[in-house]
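Letter by letter, the chains look like this.
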Amino acid sequence: MSDNNIAKEKFEEGMADFVSHNYGRSVDLLSQVIELDPRFTLALKSRSGAYLNWIKFGRPLQILMQLLKLPLTMQEHSISPDRLATSAC
């Protein structure tokens, strides 16, 4: 497979991660695309958008995902919801 075909496949994968809000992986894949084809301007522009979103939303999204998993964690560690509510205040 040629570098151009590999770049296109990695671009598509990177953009799928972008749409799925997986910005860190999107930046990594789009960087690989640019290494394979430095003239792939859409990859350059897309990587900058992924990077900006990673900075803006990456950490808050990680925190949100951890909070969404909180009920499972509470059950696993036998933390009562009442105790959690009082410690959050």
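Since this is a predicted model, take the numbers as computed values, not measurements. (Residues numbered from 1 in each chain as written. Predicted model: local features only at pLDDT ≥ 70, side-chain atom pairs only at ≥ 80, totals over all residues. Heavy atoms only, no water.)

**Student:** Explain unusual backbone geometry to me, please; I cannot follow it from the model alone.
**Tutor:** One can expect most non-glycine residues to show negative phi and most peptide bonds to be in trans. The phi angle at His21 is positive, at roughly 65°, despite the residue not being glycine. Secondary-structure assignment places His21 in the loop between helix H1 (3–19) and helix H2 (23–36). (Helix = DSSP H or I, 4+ residues; strand = E, 2+ residues; numbered from the N terminus.)

**Student:** Just to check I follow, could you spell out H1 for this structure?
**Tutor:** The periodicity of an α-helix, 3.6 residues per turn, causes residues three or four places apart in sequence to face the same way. Look at H1: 24 Å from first C-alpha to last across 17 residues, which is about the 24 Å you get at 1.5 Å a residue. Every buried residue of H1 is listed here: Ala7, Phe11, Gly14 and Asp17. Viewed end-on, H1 has its buried residues packed into an arc of 125°, placing them on one side of the element. The exposed set on the far side of H1, more than 90 degrees from its buried face, consists of Glu12 and Val19. Once H1 ends, the next one or two residues include His21, with phi positive near 65°. (Expected span 1.5 Å × (residues − 1). Buried < 20%, exposed > 50% of the residue type's maximum accessible area, 1.4 Å probe, protein only. Arc of directions from axis to C-beta.)

**Student:** What exactly am I supposed to notice about the nonpolar core here?
**Tutor:** Across soluble globular proteins, nonpolar side chains have a tendency to be buried as a group. Among the nonpolar cores identified, the biggest contains 9 residues, and these are Ala7, Phe11, Val27, Leu30, Val33, Ile34, Phe40, Ala43 and Ala50. Every element with two or more residues in this core is listed here: H1, H2 and helix H3 (41–68). Residue contributions to this core peak at 4 residues, all from H2. Setting aside anything within four residues of it in sequence, one finds Ala50 in contact with Phe18, Tyr23, Ser26, Val27 and Leu30. (Core = buried A, V, L, I, M, F, W, Y, C linked by side-chain atoms within 4.5 Å. Contact = heavy atoms within 4.5 Å.)

**Student:** In this structure, what is going on with the pattern of salt bridges? I would like to understand it.
**Tutor:** Side chains that differ in sign of charge can pair as their charged atoms come close. Applying the stated criterion to the full structure yields 2 salt bridges. Here Glu13 ties to Arg25 by a salt bridge, and the two come within 2.6 Å at their closest N and O atoms. Of the two residues, Glu13 is situated in helix H1 and Arg25 in helix H2; the sequence distance between them amounts to 12 residues. In this structure, Arg25 engages Asp17 in a salt bridge whose closest nitrogen and oxygen atoms are separated by 2.5 Å. Look at Asp17 and you get buried, because its relative accessible area is 10%. Among the charged side chains, a salt-bridge network with shared partners connects Glu13, Asp17 and Arg25. (Salt bridge = Lys/Arg side-chain N within 4 Å of Asp/Glu carboxyl O.)

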